[in-house]
Amino acid sequence: IGIMTKPDVVATAAIEEEQKPEEKPLEEMSKEELIAKVKDLKANGPPAGAAPAADGPTGISMDEVKKHSTKEDAWLVINGDVIDVTKWIPIHPGGEQAITAYLGQDASDEWNMIHKAGTVEKNLVQEGGNGPVLKGKLGGAAPAVGGGGAAAAPTGLTLDEVGKHNKESDLWVVVNGKAYDVTKWTQVHPGGVQAITAYAGKDATDEWNC
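Everything numeric here is computed off the predicted structure, so don't read it as measured data.

Colleague: For this particular structure, what's the right way to read unusual backbone geometry?
Modeller: One can expect most non-glycine residues to show negative phi and most peptide bonds to be in trans. Residues other than glycine seldom take positive phi values, yet Asn-79 does so here, at roughly 50°. Counting through the fold element by element, Asn-79 comes out in the loop between β2 (73–78) and β3 (81–84). On the basis of relative accessibility, which here comes to 44%, the residue Asn-79 falls in the partly exposed class.

Pasting the structure below:
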């Protein structure tokens, strides 16, 4: 399309752009030209250019997720996704308690222990639908109490530490190198309480992978 067939504002901008002398690349400038360039930048600042990109969405904070912790207004987090499960609770195949135990919380560990990858994506519905609704990504969580400084790198847990959590009221297990707190899951586990408590404070990887 020729320049004259475009709207006036675009054509004017294009003509002005054409009239601007083309600036030499820095590597082709002489010493005197570089000095002049530096002085110009100090005096006038950098040339006007494209506006800096706006910060991307910060996501939904964990503090916000915690506000939605009732059956009538139920959110939880699964693998970084914030999901409204209000209408999913009555029809969840694993029963209501399997969801309501984690309302307003991050249920990723428990979810991943019993569901295949892609399960939640397969069940998602649009806003107002009869199922889980994706609200957005988790982000912008409140900083940890304790003040400034970079957070220390996690050092991992020892099996001795896991072994201390071996009661039904405080129950951890290890599966495939990860320690899980399954205390709340014990009462809603589809395979029954005994299937978990038998491995309280232990590494259950072999049995889990059978």
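Colleague: What's the story with the pattern of salt bridges in this structure? I'm lost.
Modeller: Once their charged atoms are close, side chains differing in charge can pair, the charge on each being opposite to the other. On inspection of all chains with the given rule, the structure shows five salt bridges. For the salt bridge of Glu-96 with Lys-71, the shortest nitrogen-to-oxygen distance reads 2.8 Å. Taken together, the residues span a long stretch of sequence, with Glu-96 in the loop between β3 and α4 (97–100) and Lys-71 in the loop between β1 (69–70) and β2 at a distance of 25 residues. A relative accessible area of 42% means that Lys-71 is categorised as partly exposed. Lys-135 is the salt-bridge partner of Glu-127, the closest N and O atoms lying 3.3 Å from each other. Of the residues examined, Glu-127 reaches a relative accessible area of 55% and is grouped as exposed.

Colleague: I tried to follow the sheet that holds β3 on my own but got confused; where do I start?
Modeller: Paired through backbone hydrogen bonds, the strands of a sheet run either parallel or antiparallel to each other. Here we have four strands laid out as an open sheet, ordered β1-β2-β3-β4, and antiparallel in their pairing. Two strands close off the open sheet at either side, each with one partner strand: β1 and β4 (133–137). In the sheet, β3 pairs with β4 via four bridges, with the strands oriented antiparallel. Of the residues in β4, the one forming a bridge with Asp-81 is Lys-137.

Colleague: I would appreciate a short explanation of the environment of Ile-89 in the present structure.
Modeller: Following the sequence through the fold, Ile-89 ends up in the loop between β3 and α4. With a relative accessible area of 2%, Ile-89 lands in the buried category. Spatially, the C-alpha atom of Ile-89 lies 9.8 Å from that of Asn-130, the residues being 41 residues apart in sequence. Once residues within four sequence positions are removed from consideration, Ile-89 is found in contact with Lys-71, Ala-74, Glu-96, Ile-99, Thr-100 and Leu-103.

Colleague: Mind showing me how you'd approach the environment of Glu-72 here?
Modeller: Locating Glu-72 in the fold gives a position in the loop between β1 and β2. The spacing of Glu-72 and Thr-86 is 14 residues in sequence and 6.1 Å in space, taken between C-alpha atoms.

Colleague: For this particular structure, what's the right way to read the pairing of β2?
Modeller: A regular strand places its side chains on the two faces of the sheet in alternate fashion. Along β2, five of the six residues are buried, which leaves the element largely enclosed by surrounding structure. Linking β1 to β2, which pair antiparallel, is a turn of two residues. Counting the residues in the hairpin turn of β2 and β3 gives two residues, including Asn-79, whose phi is positive at 50°.

Calculation rules
Residues numbered from 1 in each chain as written. Predicted model: local features only at pLDDT ≥ 70, side-chain atom pairs only at ≥ 80, totals over all residues. Heavy atoms only, no water. Helix = DSSP H or I, 4+ residues; strand = E, 2+ residues; numbered from the N terminus. Buried < 20%, exposed > 50% of the residue type's maximum accessible area, 1.4 Å probe, protein only. Salt bridge = Lys/Arg side-chain N within 4 Å of Asp/Glu carboxyl O. Pairing = 2+ DSSP bridges. Contact = heavy atoms within 4.5 Å.

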